[in-house]
Amino acid sequence: MYQSSSQRIVVMTGATSGFGAHTVKHIAAQPDTMVLVGARGSGRSSPSGVQILPLDLASLTSVREFAETVIRKIGDAQIDILILNAGIHGSEADQRSADGYGLTFAVNHLAHYLLARLLLPYIADQGRLVITSSNMHNPPLKRIAPRKLDLQEWAYPTKDGSGTGIRSYTASKLCNLMTAISLSRLEDVRVRRLSIVAFNPGLTGGSSGRDASPLQHALVALMMRTIFPLIGLFRPEFVMNSPEHSGKMLADVALGSIAPPRDKIYVSLVKGKPTFPDPSELARSRFDQERLWRESAAMVGLTEDI
Ligand SMILES: NC(=O)c1ccc[n+]([C@@H]2O[C@H](COP(=O)([O-])OP(=O)(O)OC[C@H]3O[C@@H](n4cnc5c(N)ncnc54)[C@H](OP(=O)(O)O)[C@@H]3O)[C@@H](O)[C@H]2O)c1
């Protein structure tokens, strides 16, 4: 067991690159804080004091092993903050997880859904769970965002279907947001006064993760320097944030210094500032939330209710 009685325990995914690498620096710099990061072993460095534990979100077996390792490491202590931030930026029909699901749906949604459910009982009363979503889940902001829950296609993508390319990404970010809403409704979460927050970092010029091809890297970099600054003149939600700034804001959300008002769970950075908009109409549909929850449980092999 690692924890002293006053030590804060933080568990995070997506801390090895992008704005998450800045988030983890801020959190690890807090006094009496132990940070456990799940990562694939990319060889990227992490701040001192942060412990890296093996986690490949493209494998449900690896997610279960990571959860077991975390539970074993914390012993009798509890997790104060769980940050589910890792993500890939889209995949093609033939890119599948170890379990045979569409890669983006599996990594961004199914793995985090399972991790949230496995670790939820180990989150301390009044603890916090933050899931990184995106404004791209919302059709008025992103035309290709999902208008219906196309789970079959997202889980088993076919060529040029809604489970491929950028649409696989927008779908997975919708699932992250809906999962956050469903978690916030659980009786255990309400009784133990856990805070569930979905976070949109705004555009930061990501895709620096190792899954992106050199062409994707170049395209993103070019768009960030040319198209997005222009679009940002008319559409504030497309104004770029620096990874440093979005990372600091995610740390503030995780540490509770930025919190959505009562009855809201979505913190969205617009021009670098936190706003608290309603999620998309589809994300707010209770019927679809319940369907996503149920079908995701079956896909990850959870049958029991929590
Ligand atoms: N950047 C943006 O403009 C933007 C906008 C809205 C939302 N978001 C969301 O913000 C989050 C972070 O985005 P980013 O752009 O900062 O990302 P990024 O630079 O591409 O980094 C992605 C992170 O996810 C990890 N990851 C990817 N696949 C994994 C796997 N199979 N197992 C374990 N870890 C894995 C990567 O680890 P490795 O070190 O192993 O590669 C890395 O730490 C994502 O959820 C993304 O959807 C980003």
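To be clear, the structure that these remarks concern was listed above.
Worth saying up front: this structure is predicted, and the values here are computed from it rather than measured.

### Looking at a nonpolar patch on the surface
So, point 1. Together, Leu-215, Leu-219, Met-223 and Ile-227 line one region of the surface with nonpolar side chains, adding up to about 360 Å² of accessible area.
So, point 2. The dominant element in the nonpolar patch, judged by the number of residues it contributes, is helix H7 (residues 214–225), at three residues.
So, point 3. The residue Leu-219 is located in helix H7 in this model.
So, point 4. Classification of Leu-219 by relative accessible area gives partly exposed; the value is 44%.

### Some words on the nonpolar core
So, point 1. Val-11, Val-70, Leu-129 and Leu-183 are the most contacted members of the largest nonpolar core, which totals 63 residues.
So, point 2. In terms of residue count, the dominant contributor to this core is helix H3 (residues 103–119) (11 residues).
So, point 3. For Leu-129, the contacting residues outside a window of four places in its chain are Leu-82, Leu-84, Ala-116, Leu-120, Ile-123, Leu-183, Ser-195, Ile-196 and Val-197.
So, point 4. Counting 23 residues, the second largest nonpolar core, distinct from the first, contains Val-35, Ile-83, Ala-254 and Leu-269.

### Structural notes on the sheet that holds strand E7 (residues 266–270)
So, point 1. One open sheet holds the eight strands; their spatial order is E3-E2-E1-E4-E5-E6-E7-E8, and the pairing between them is mixed. Both edges of this open sheet fall to strand E3 (50–54) and strand E8 (273–275), since each of them pairs with a single strand only. Sheet twist, expressed as the average angle between the axes of neighbouring strands with direction ignored, equals 20°.
So, point 2. Relative to strand E5 (residues 123–132), strand E4 (residues 79–84) is paired through five bridges, and the arrangement is parallel. Residue Ile-83 lies in a different strand from E5, and its bridge partner there is Val-130.
So, point 3. On top of the sheet, H3 reaches strand E1 (8–13), E4 and E5; it is set at about 175° to E4, its chief contact.
So, point 4. Here helix H9 (residues 243–255) sits on the sheet and contacts E1, E4, E5, strand E6 (195–200), E7 and E8; the angle it forms with E5, its principal contact strand, is near 155°.

Rules used in this analysis
- Residues numbered from 1 in each chain as written.
- Predicted model: local features only at pLDDT ≥ 70, side-chain atom pairs only at ≥ 80, totals over all residues.
- Heavy atoms only, no water.
- Patch = residues over 30% accessible without salt bridge, like charges linked within 9 Å, V, L, I, M, F, W, Y side chains within 5 Å.
- Areas by Shrake-Rupley, 256 points an atom, 1.4 Å probe, with all protein chains shown as cover.
- Salt bridge = Lys/Arg side-chain N within 4 Å of Asp/Glu carboxyl O.
- Helix = DSSP H or I, 4+ residues; strand = E, 2+ residues; numbered from the N terminus.
- Buried < 20%, exposed > 50% of the residue type's maximum accessible area, 1.4 Å probe, protein only.
- Core = buried A, V, L, I, M, F, W, Y, C linked by side-chain atoms within 4.5 Å.
- Contact = heavy atoms within 4.5 Å.
- Pairing = 2+ DSSP bridges.
- Axes fitted to C-alpha atoms, helices over the stretch in contact; angles between N-to-C directions.

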